[in-house]
Amino acid sequence: MYRTHTCGELRIEDVGQEVTLSGWVQRIRDLGGMSFIDLRDRYGITQIVANEGTSEKVVTTLSKIGREFVIQVNGVVKERSSKNKNIPTGEIEIEIKGLTILSKASLPPFTIKDDTDGGDELRMKYRYLDLRRKVVQENLILRAKMAHTTRSYLNSQEFIETETPVLINSTPEGARDFIVPSRINPGKFYALPQSPQVFKQLLMIAGFDRYYQIVKCFRDEDLRADRQPEFTQIDCEMSFVEQEDILDTFEGLTKHLFKEIKGIEVTEFPRIPYSEAIEKYGSDKPDTRFDMLIHELTGIAKGNGFVVFDSADYIGGICAQGCAGYSRKQLDQLANWVKRPQIGAKGLIYVKYNTDGSFKSSVDKFYSQDDLKKWAEKFNARPGDLLLVMSGNDSHTLKALGELRLKMGGQLNLRNNNEFKPLWVIDFPLLEWDKESGRYHAMHHPFTSPKPEDIPLLDSAPEKVRANAYDLVINGVEIGGGSVRIFDSALQAKMFGKLGFTTEQAQAQFGFLMNAFKYGAPPHAGIAFGFDRLVSLFAGLDSIRDVIAFPKNNAGRDVMIDSPSEVTKEQLDELGLRIIQKED
RNA sequence: GGUGGCGUAGUUCAGUUGGUUAGAAUAUCGGCCUGUCACGCCGAGGGUCGCGAGUUCGAGUCUCGUCGUCACCGCCA
């Protein structure tokens, strides 16, 4: 038997017991006549002590061990003469009687300890060592708990967990697919699913009524801190439901997770239309932990001879409370920040609402104190506040104001990671115009149902058609999204037409689905949560990498196994593939 | 595809205007040490300053390129 107990469980009540422990050597403190070993496993750390009573054989072995050796120790649990209040096992120690080296260890490239040692590059290359760190283990344990809790909640609601295939067809809509060549079918390719979308709809047609799956999805697009090429979704679909039923059910799941995992009662799930989110927050995933809403000034700020504003489609700004005291340097920094290519604003106008009630702005030449007072009223600003105003093309300016709002919210410490503010963004546009391809794209996906009252607009003003689509947003993070589906093959055919598919193309790509609709399709709707993002939100992390055991880097590479990698000529031949060197 | 940050000892970092032998902490190794828990004390070893070119009498430092990495923009139905 390798162990009778783990390294985290022995307490003062166990004093006198003879025990065997196995684990990794965290640290050795050799005091000469006596030494201490911190023995670590995922449950905790237990101190081992050797002193003058320890056998010669054990002392000799002890002198050979180092950091990260895997050892087995047996001995008697003793009360410590000097206790450590900082760890749960701090009142006891094991007086060593026997010691076996189970596995030697080379010196690790970074020290295994809680506060990060070794940069991301090393941590990823030696991820199996990084995963020994308690902080990283805790993230993965949190992930496991959340998956378990999700399953038991959905199981209790009569959802059926069903697996769907991973080798499917490539489709032209949406993100780039990962492609898998078929050996048995030369010249043909599978694709990895971006989501199990059509399969879950087929399961509804099959009568499963409630489906879920915690499932890997794949998108061949550039990575971000919150985007990996393979990621996990809590994927769901329900029959005989309307939008309201989905929102209720998944508010329920979200509340349950917050309560079970974090002990937090989250009650409010406000709903705001997409258009309002854009107007007030400059984003379709607003962070509602703080207000600082965007206000439009287009009507009242034009016509004073300030060319920048007079020529703008849109003028708007935000009010940073209590920031009227910002220095020239601070204001310049903000202006430079919005001028970076990532934001792309031309400039930033400020108005200081001084505590004495006067105004000082960068456009005093064009606007009187009375003019600026009107602005301030529009923002509900009070003396001591700072107005930050931008202008230009409306969608770009709103987006830039949204970014500035987030930056100011962060700067003023209004974005607290222990506070959770969910909301539903609803009424998304069904279609958006894509300049590059010169056609409409489905904003959600091609199976999303338009709002019935907007269907007449499909022909006259397609961009005005709203969808029965919804996103769950928490703290400015898009946690999930879904829609009510089209279940009528005629409407579905019309949608494909709007998206620029010919009848033949639609038939070739999605014929099986439209065909299935002919055999009695129930009204259905669904949603998918980004599981990695949800876990990182619960863990208070900005990057999803730390909640994934073996993540990929910025360039989509796994630096530990060095993938992707080349394959042999034989493999290529068998698949009928040839590598063509790209010219620069 | 683009913008920006970072790259110096195993690790974390310092390194002045371009100037002698590139430092500190920590880790490692050796010695001493009976109550440590970030043990302590003494000593030692450890460097392709990411790589390559250029400027210069002289480059860790300046310029260009390149590689790696991170964040972001585009992209992500």
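Everything in this summary refers to the structure shown in the same document. If you're wondering where the values come from, they're calculated on a predicted model, not measured in any experiment.

With respect to the overall build of chain A
Consideration 1: Counting its secondary structure elements, chain A contains 17 helices and 22 strands.
Consideration 2: If one aligns the C-alpha atoms of chain A with their principal axes, the spans along those axes are about 90 × 75 × 55 Å.
Consideration 3: The proportion of buried residues among the 584 residues of chain A is 47%.
Consideration 4: A separation threshold of at least 6 residues defines the contact pool for chain A, and within that pool the share at least 24 residues apart is 65%.
Consideration 5: Within the structure as shown, chain A displays about 30100 Å² of accessible surface, and the carbon and sulfur contribution to it stands at 48%.
Consideration 6: Treating the 75 positive side-chain charges of chain A as one cloud and the 83 negative ones as another, the clouds have centres 4 Å apart.

Thoughts on unusual backbone geometry
Consideration 1: Put simply, serine 563 and proline 564 share a cis peptide bond, and its omega is 0°.
Consideration 2: Looking at where proline 564 falls in the secondary structure, it is placed in the loop between helix H16 (531-539) and helix H17 (569-575).
Consideration 3: Located in the positive-phi region is asparagine 475, a residue other than glycine, with phi close to 55°.
Consideration 4: Residue asparagine 475 is classed as buried on the basis of its relative accessible area of 6%.

Structural notes on the sheet that holds strand E13 (residues 314-320)
Consideration 1: Across the sheet, which stays open at both edges, the 5 strands sit in the order E12-E13-E16-E14-E15 with antiparallel pairing between neighbours. The two strands at the open ends of the sheet, each matched to only one other strand, are strand E12 (295-296) and strand E15 (359-361).
Consideration 2: Relative to strand E16 (residues 386-392), E13 runs antiparallel, the two being bridged by 7 bridges. By the bridge assignment for E16, isoleucine 315 is matched with serine 391.
Consideration 3: Contacts from helix H11 (residues 369-378) reach E12, strand E14 (349-353), E15 and E16, with the element oriented near 95° to E15.
Consideration 4: Where helix H12 (residues 394-411) meets the sheet, its contacts fall on E13 and E16, and the angle it forms with E13 comes to roughly 10°.

A closer look at the pairing of strand E19 (residues 439-442)
Consideration 1: Relative to E19, strand E18 (residues 431-434) runs antiparallel, the two sharing 4 bridges. Bridging across to E19, glutamate 432 finds its partner in histidine 441.
Consideration 2: Connecting E18 to the next strand, E19, in antiparallel fashion are 4 residues, including glycine 438 with a positive phi near 65°.

Considering helix H10 (residues 328-339)
Consideration 1: Look at H10: 16 Å from first C-alpha to last across 12 residues, which is about the 16 Å you get at 1.5 Å a residue.
Consideration 2: What H10 keeps buried is the set Leu331, Leu334, Ala335, Trp337 and Val338. Seen from one end, H10 has its buried residues packed into an arc of 160°, which puts them on one side. The exposed residues of H10 that point more than 90 degrees off its buried face are Arg328 and Lys329.
Consideration 3: Looking at the buried residues of H10, the elements they touch are E14, E16 and H12.

Brief notes about the packing of aromatic side chains
Consideration 1: Here the structure, examined in full by the defined rule, presents 20 aromatic pairs.
Consideration 2: When the centroid spacing of 6.2 Å and the interplanar angle of 75° are considered together, the rings of tyrosine 126 and tyrosine 128 count as edge-to-face.
Consideration 3: With a centroid separation of 6.3 Å and an interplanar angle of 50°, the aromatic rings of phenylalanine 309 and tyrosine 367 are classed as tilted. Separated by 58 residues along the polypeptide, phenylalanine 309 in helix H9 (residues 307-310) and tyrosine 367 in the loop between E15 and H11 bring together distant segments of the chain. Of the two residues examined, phenylalanine 309 and tyrosine 367, each falls in the buried class.
Consideration 4: A connected cluster of aromatic rings, assembled from ring pairs, spans Phe306, Phe309, Phe366, Tyr367 and Trp375.
Consideration 5: One cation-aromatic arrangement involves arginine 405 over phenylalanine 290; the distance from NZ or CZ to the ring centre is 4.0 Å.

Conventions used here
- Starting from 1, residues in each chain are numbered consecutively following that chain's sequence as written.
- Chains carry letters and ligands carry numbers; both start at the beginning, A for chains and 1 for ligands, and go up in the order they are written.
- Two thresholds apply to this predicted model, a pLDDT of at least 70 for residue-level local features and 80 or more for giving and counting side-chain atom pairs, whereas whole-chain, interface and lining totals are computed over all residues.
- Note that the side-chain values use all heavy atoms of the structure and ignore hydrogens as well as water.
- A helix here means a DSSP run of H or I that spans at least four residues, while a strand means a run of E at least two residues long, and both kinds are numbered starting from the N terminus.
- In this scheme, a residue with accessible area under 20% of its type's maximum is buried, one over 50% is exposed, and one in between is partly exposed, where area comes from a 1.4 Å probe on protein chains only.
- Residue contacts are defined here by distance: any two heavy atoms, one from each residue, within 4.5 Å place the two residues in contact.
- Note that accessible areas follow from Shrake-Rupley with a 1.4 Å probe, and for residues the cover is restricted to the protein chains shown.
- Positive charge is attributed to Lys and Arg, negative charge to Asp and Glu, and no charge count is given to His or to the chain ends.
- Charged groups are reduced to one reference atom each: NZ for lysine, CZ for arginine, CG for aspartic acid, CD for glutamic acid.
- Paired strands, in this sense, are two strands between which DSSP finds at least two bridges.
- A fitted line through C-alpha atoms represents every axis, and for helices the fit uses only the stretch in contact; the resulting angles, taken between N-to-C directions, go from 0 to 180 degrees.
- To estimate how far a helix should reach, multiply one less than its number of residues by 1.5 Å.
- By arc we mean the arc of the directions from the helix axis to the C-beta atoms, nothing more.
- Ring pairs are drawn from Phe, Tyr and Trp, using the six-membered ring of Trp, whenever the two centres fall within 6.5 Å, and their geometry is named by plane angle: stacked under 30 degrees, edge-to-face over 60, tilted for the rest.
- Think of it as a cone above the ring: NZ of Lys or CZ of Arg counts as a charge over the ring if it is within 6 Å of the ring centre and within 35 degrees of the ring normal.

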